[in-house]
Amino acid sequence: MVKRLVIIGASGHGKVIADIAVRNGYEEIVFLDDNESIKECAGFKVVGKTSDASRISGDKIIAIGDAKIRERMMHKVKTVSLIHPDAVISRRVEIGEGTVVMAGTVINSDVHIGRGCIINTGASIDHDCNLGNFIHVSVGAHVAGTCSIGNGTWIGAGATISNNINICADCMIGAGAVVIKNIKNIGIYIGVPAEKK
């Protein structure tokens, strides 16, 4: 039986997921997207709209950056997780359904990552961290040990979260920001050290 993956979302994120899928042995890859002008992505066909996901056979993953959209779609579709073979992941890591871990990522011991997360290229998450659902850790971001990050939070490219930090749900941490104290209120945090915008 052919190993098939249906990628929901034919954009840049979907291209990266397609490459990870190939490296994970998927022999057939198709995309779904609501933009009818998109006919292919990363050399693979777009075969329908996102609403077609339940009727098309194969494993499924959502390749949409917006956390709220990913969450809404995961209520309708059972998804798989994908881990790039060049990621370095401790044997004591839990990764939730629908999460993607990209190349060059390092995840150390006793980390829990929730559902529908994106752990992007070259990110690192150190020991004893707890990441909620639908979090995006962007390219080259670093989360030091014993941190807790709430659902829906986005950590920008190259940002650093210092050790023993708690960040509430639905925050945005700007690119290059350095978080050195707990964040208790929803908002956008930028700068070094990071402050609410």
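An account of the accompanying structure is given in this report. (Residues numbered from 1 in each chain as written. Predicted model: local features only at pLDDT ≥ 70, side-chain atom pairs only at ≥ 80, totals over all residues. Heavy atoms only, no water.)

**Points about the overall build of the chain**
Right, so step 1: From N to C terminus, the chain includes two helices and 24 strands.
Right, so step 2: For 197 residues, the compact-globule estimate of 2.2 N^0.38 gives 16 Å, and the C-alpha radius of gyration of the chain, at 17 Å, lies within 12% of that figure.
Right, so step 3: Within the chain, the fraction of its 197 residues that count as buried is 46%.
Right, so step 4: If you take every contact in the chain between residues at least 6 apart in sequence, the share linking residues at least 24 apart comes to 21%.
Right, so step 5: When the accessible area of the chain is evaluated, it comes to approximately 9200 Å², of which 52% is carbon and sulfur surface. (Helix = DSSP H or I, 4+ residues; strand = E, 2+ residues; numbered from the N terminus. Rg over C-alpha atoms; globule rule 2.2 N^0.38 Å. Buried < 20%, exposed > 50% of the residue type's maximum accessible area, 1.4 Å probe, protein only. Contact = heavy atoms within 4.5 Å. Areas by Shrake-Rupley, 256 points an atom, 1.4 Å probe, with all protein chains shown as cover.)

**Topic: the environment of I38**
Right, so step 1: Along the chain, I38 turns up in the loop between β2 (28-32) and β3 (40-41).
Right, so step 2: Distance from I38 to A10, taken between C-alpha atoms, is 7.6 Å for residues 28 residues apart in sequence.
Right, so step 3: Each residue touching I38, except ones within four places of it in the same chain, is listed here: A10, D33 and V46.

**A word on the pairing of strand β4 (residues 44-48)**
Right, so step 1: As paired elements, β2 and β4 share two bridges and run parallel to each other. Bridge assignment links F31 to a residue of β4, and that residue is V46.
Right, so step 2: Summarising the sheet, β3 and β4 pair through two bridges and their orientation is antiparallel. By the bridge assignment, C41 is partnered in β4 with F44.
Right, so step 3: Hairpin connection from β3 to β4: two residues lie between these consecutive antiparallel strands, with A42 at a positive phi of about 55°. (Pairing = 2+ DSSP bridges.)

**What to know about the sheet that holds strand β20 (residues 166-167)**
Right, so step 1: Spatial strand order, β8-β11-β14-β17-β20: five strands in an open sheet with parallel pairing. At either margin of the open sheet sits one strand with a lone partner, and together these are β8 (93-95) and β20.
Right, so step 2: Summarising the sheet, strand β11 (residues 111-113) and strand β14 (residues 130-131) pair through two bridges and their orientation is parallel. Opposite I113, over in β14, you have L131 as the bridge partner.

**Quick look at helix α1 (residues 12-23)**
Right, so step 1: A rise of 1.5 Å per residue sets the reference length of α1, with its 12 residues, at 16 Å; its end C-alpha atoms lie 17 Å apart and thus fit the reference within 8%.
Right, so step 2: Of all the residues in α1, the buried ones are H13, G14, I17, A18, I20 and A21. Taken end-on, α1 shows its buried residues confined to a sector of 165°, consistent with a single buried face.
Right, so step 3: Just downstream of α1, G25 is the residue with a positive phi angle, here 90°. (Expected span 1.5 Å × (residues − 1). Arc of directions from axis to C-beta.)

**Observations concerning the sheet that holds strand β22 (residues 178-179)**
Right, so step 1: With respect to topology, six strands assemble into an open sheet ordered β7-β10-β13-β16-β19-β22, the strand pairing being parallel. Edge positions in the open sheet fall to β7 (88-89) and β22, since each of these has one partner strand only.
Right, so step 2: Examined bridge by bridge, strand β13 (residues 124-125) and strand β16 (residues 142-143) share two bridges and lie parallel to one another. If you follow I125 over to β16, its bridge partner there is V143.

**Observations regarding the nonpolar core**
Right, so step 1: With 31 residues, the main nonpolar core has I119, I125, I155, I161, I167 and I173 as its most contacted residues.
Right, so step 2: If we skip the residues at most four places from it in the chain, I119 touches V100, V101, M102, T105, I107, I113, I125, L131 and V137.
Right, so step 3: By size, the runner-up hydrophobic cluster in this structure holds 18 residues, among which are I20, F31, C41 and I118. (Core = buried A, V, L, I, M, F, W, Y, C linked by side-chain atoms within 4.5 Å.)

**Some thoughts on the pairing of β2**
Right, so step 1: In terms of burial, β2 is a largely internal element, four of the five residues being buried.
Right, so step 2: Inspection of the sheet shows strand β1 (residues 4-8) paired to β2 by five bridges, in the parallel sense. Of the residues in β2, the one forming a bridge with R4 is E28.

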